[in-house]
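# Secondary and tertiary structure notes
If you want the building blocks of each chain, they are given just below.
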Amino acid sequence: MGEIDESFIQSIEHRPKSISVEAEGIPVIDLSALNSQDLVVQVGDACKNWGFFQVINHWVPSSCREKVDLASRAFFRQPSEEKRKVRRDEANPMGFYDTEHTKNVRDWKQVFDFTVENPTVVPASHEPDDPELQEIVNQWPEYPPNFREACEEYAREIEKLAYKLLELISLSLGLPAEKFNGFFKNQTSFMRLNSYPICPIPHLALGVGRHKDSGALTVLAQDDVGGLEVKRKSDGEWVQVRPTPNAYIINVGDVIQVWSNDKYESVEHRVTVNSERERFSIPFFFNPSHNVMVEPLKELTTKQNPARYKPYNWGKFHTTRNISNFKKLNVENIQIYHFRI
Ligand code: OGA
Ligand code: NI
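For the chain, the name recorded in an unreviewed UniProt entry is 2-oxoglutarate (2OG) and Fe(II)-dependent oxygenase superfamily protein, with Abeliophyllum distichum as its organism. Quoted verbatim from the Sequence similarities (unreviewed entry) heading of the UniProt record, the comment on the chain is "Belongs to the iron/ascorbate-dependent oxidoreductase family."

## Looking at the site of ligand 1
Within the structure, ligand 1 sits among Asn194, Tyr196, His211, Asp213, Leu220, Leu228, His269, Val271, Arg279, Ser281, Pro283 and Phe285. At 3.0 Å from an oxygen atom of ligand 1 is found a side-chain nitrogen or oxygen belonging to His211. Within the contact set of ligand 1, an oxygen atom lies 2.6 Å away from a side-chain nitrogen or oxygen of Ser281. Coverage of ligand 1 by the protein chains reaches 96% of its 290 Å² of free accessible surface. For the shell around ligand 1, the secondary-structure elements that each account for two or more residues are strand E10 (190-196), strand E16 (269-271) and strand E17 (279-286). No other element matches the four residues that E17 contributes to the shell around ligand 1. Its residues placed into classes, the shell around ligand 1 shows six nonpolar, four polar and two charged.

## Considering the layout of surface pockets
There is about 350 Å³ of room inside the second largest pocket. Lining the second largest pocket are 21 residues, with Glu90, Pro93, Thr319, Asn322 and Ile323 sitting closest to its centre. Looking at the lining of the second largest pocket, the elements that each hand over two or more residues are strand E8 (120-123), strand E9 (133-136) and helix H6 (314-327). Sort the elements by how many residues they give to the lining of the second largest pocket and H6 lands first, with six residues. Class assignment of the residues belonging to the lining of the second largest pocket gives a composition of ten nonpolar, seven polar and four charged.

## Points about the nonpolar core
Phe112 and Tyr248 are the most contacted members of the largest nonpolar core, which totals 65 residues. A total of twelve residues in this core trace back to one element, the largest contributor, which is helix H4 (residues 147-172). Residues within four places of Phe112 in sequence aside, it is in contact with Phe75, Phe76, Val86, Gly95, Phe96, Gln139, Trp140, Pro141, Phe147, Met191, Arg192 and Leu193. Among the nonpolar cores identified, the runner-up in size contains 20 residues, and Trp50, Ala205, Val239 and Val267 belong to it.

## Topic: the side chain of Ser72
Take Ser72: it is sitting in helix H2 (residues 62-77). Ignoring anything within four residues of it in the chain, the contact list for Ser72 reads Phe147, Leu193 and Phe280.

## Some details on the pairing of strand E3 (residues 52-56)
Working note: regular strand, side chains alternate between the two faces of the sheet. Of all five residues making up E3, four are buried, and the element is well covered by its neighbours. With three bridges joining them, strand E2 (residues 28-30) and E3 adopt parallel strand pairing. Paired with Val28 across the bridge in E3 is Gln54. In this fold, E2 hands off to helix H1 (residues 36-49), which returns the chain to E3; that crossover is right-handed. For E3 and strand E15 (residues 248-252), the ladder comprises four bridges, and the chain directions are antiparallel. By the bridge assignment for E15, Gln54 is matched with Ile249.

Conventions we followed
- Residues numbered from 1 in each chain as written.
- Chains lettered and ligands numbered in written order.
- Predicted model: local features only at pLDDT ≥ 70, side-chain atom pairs only at ≥ 80, totals over all residues.
- Heavy atoms only, no water.
- UniProt positions renumbered as here; feature names shortened; annotations may be inferred.
- Near = heavy atom within 4 Å.
- Polar contact = N/O pair within 3.5 Å; in protein donor to acceptor, adjacent residues only side chain to side chain.
- Areas by Shrake-Rupley, 256 points an atom, 1.4 Å probe, with all protein chains shown as cover.
- Helix = DSSP H or I, 4+ residues; strand = E, 2+ residues; numbered from the N terminus.
- Nonpolar A, V, L, I, M, F, W, Y, C, P; charged D, E, K, R; others polar.
- 1 Å grid on protein atoms, 1.4 Å probe; cavity = no way out; pocket = protein on both sides within 12 Å on 5 of 7 lines; lining within 4 Å.
- Points joined across faces, edges and corners; volume = space filled by probe spheres on them.
- Core = buried A, V, L, I, M, F, W, Y, C linked by side-chain atoms within 4.5 Å.
- Buried < 20%, exposed > 50% of the residue type's maximum accessible area, 1.4 Å probe, protein only.
- Contact = heavy atoms within 4.5 Å.
- Pairing = 2+ DSSP bridges.
- Right-handed = clockwise from strand over helix to strand, strands pointing away.

The structure is reproduced here in structure tokens:
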């Protein structure tokens, strides 16, 4: 990246610490070992106490993960001119992108995004009264030749895991297993291949600045380098999520926070980078359909525990976010707390 661009520099209070704490506490849940009742209890406890957990024995074939991992590395290894042939622009938010900002500081990363439904229907604009819709169509690079196939196969497998987790979360809230499934018909989910290059200033920059995921659920594959940090609920300390081979890291997003009326909170996290090894990760953002009005579920509110949020339209919310990311507006991004009652 040549001369260090000042846009990468985090303000002092947000810089990573030189010694990072490892989170022994993040629950590791074995999806195959438990009877279903114990599994539901473990998932519920993890969502409530951490907002984050890892799953092992999850039935996603490791060959499928290896294939997408190799394809991702091959894609990012190419010169920038090649990658820019599939770059994202104002018309198409999917594809390659290397200038993402989180809270107006540039992230030390490159990404490639693709939607799970192809095409995906979203609002044409963020204007609240504009009913027009548009279709997002994925763009695919020519190299490596099996890139598209690897990505699409992987997405289908992770989607199955995401539905399984969603059902466990629903049961843990005392709801029927499939309570949430209808919200994901014509989902706006997308997969992101992340590459975090070697960074000469890892004490000043971040791979991704602190943020919460705005969708329902995130299913993340990380490699063995490490760098994901989670803000521990018990004391606000940033703790590392230690890489576990072949595991997936799951976190609850803002949409589940609202559906559960704050029972399961979306937790802040960030990514540190290092000067020795590049890092790769692949999050799957499991997002509802654009027309879903997100609001606390009636079943989870009572007179004593009334709804804490006004309903908001998922499609408009997400489009507003994307636009302000793209234009790097100097205003605070839209957040769920803007809908707090
Ligand atoms: C994200 C994110 C974590 C990682 O992309 O929202 O939190 O380890 N990524 O790459
Ligand atoms: Ni995230």
